[in-house]
Amino acid sequence: MNVAIIAAGGRGERMGGGRAKQFREISGTPIIIHTLSRFEHCASIAEVVGVVPAGDEGELLALAEAHGLRKLARVVPGGETRTASIRRGLRAVDASAGVV
């Protein structure tokens, strides 16, 4: 089983606006949904683990459901650094995963 980790734990402070950039919209769809959709249609990916800013896990799950995305298996809060966020994503991957 191949698993993708989507590291979207940043706050997007350089963009301003008080909203994490992964939840901002392009053509009426949040950027994170554009990303997840690519993995949803990739036959070699069985499931996806999303890493988002702490407190935004429910929002990502709700967006994925609203957009009919089924491969998003787990959503975990990001860490203080990208490395910490990736570590949290790796910990959330099922032990049966062949490739991450």
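Quick note: structure is the one above.
Calculation criteria
- Residues numbered from 1 in each chain as written.
- Predicted model: local features only at pLDDT ≥ 70, side-chain atom pairs only at ≥ 80, totals over all residues.
- Heavy atoms only, no water.
- Buried < 20%, exposed > 50% of the residue type's maximum accessible area, 1.4 Å probe, protein only.
- Helix = DSSP H or I, 4+ residues; strand = E, 2+ residues; numbered from the N terminus.
- Contact = heavy atoms within 4.5 Å.
- Pairing = 2+ DSSP bridges.
- Right-handed = clockwise from strand over helix to strand, strands pointing away.
- Salt bridge = Lys/Arg side-chain N within 4 Å of Asp/Glu carboxyl O.

K.L.:
Summarise unusual backbone geometry; cite the residues concerned and give the values.
P.N.:
Even without being a glycine, Ser 27 presents a positive backbone phi close to 55°. On the accessibility criterion, Ser 27 (75% relative accessible area) is exposed.

K.L.:
Hey, could you go over the environment of Ala 54 for me, with residue numbers and the actual values?
P.N.:
Within the fold, Ala 54 resides in the loop between β4 (47-52) and α2 (57-66). Residues Ala 54 and Pro 77, 23 residues apart in the sequence, show an inter-C-alpha distance of 4.4 Å. Discounting residues that sit within four places of it in the chain, Ala 54 has contacts with Pro 77 and Gly 78.

K.L.:
Report on the side chain of Thr 29, specifying residues and quantitative values.
P.N.:
Residue position: Thr 29 is located in strand β3 (residues 29-30). Setting aside anything within four residues of it in sequence, one finds Thr 29 in contact with Arg 24, His 34 and His 67.

K.L.:
Residue-level account of the pairing of β4, with values.
P.N.:
Within β4, six of the six residues are buried, leaving the element largely enclosed by the surrounding structure. Residues Glu 47, Val 49 and Val 51 line one face of β4 and the alternating positions Val 48, Gly 50 and Val 52 line the opposite face, and both faces are buried. Sheet analysis places strand β1 (residues 3-7) next to β4, joined by five bridges and oriented parallel. Looking across to β4, one finds that Ile 5 is bridged to Val 49. When β4 meets strand β5 (residues 72-77), the two strands line up parallel, connected through five bridges. Paired with Val 48 across the bridge in β5 is Leu 72. After leaving β4, the chain enters α2 and then returns to the sheet as β5, a path that is right-handed.

K.L.:
How would you sum up the pattern of salt bridges? Please name residues and give values.
P.N.:
With the rule as written, the count across this model stands at one salt bridge. With a shortest N-O distance of 2.5 Å, Arg 74 and Glu 47 are connected by a salt bridge. Placement of the pair is Arg 74 in strand β5 and Glu 47 in strand β4, with a sequence separation of 27 residues. The class of Glu 47 is buried, set by a relative accessible area of 14%.

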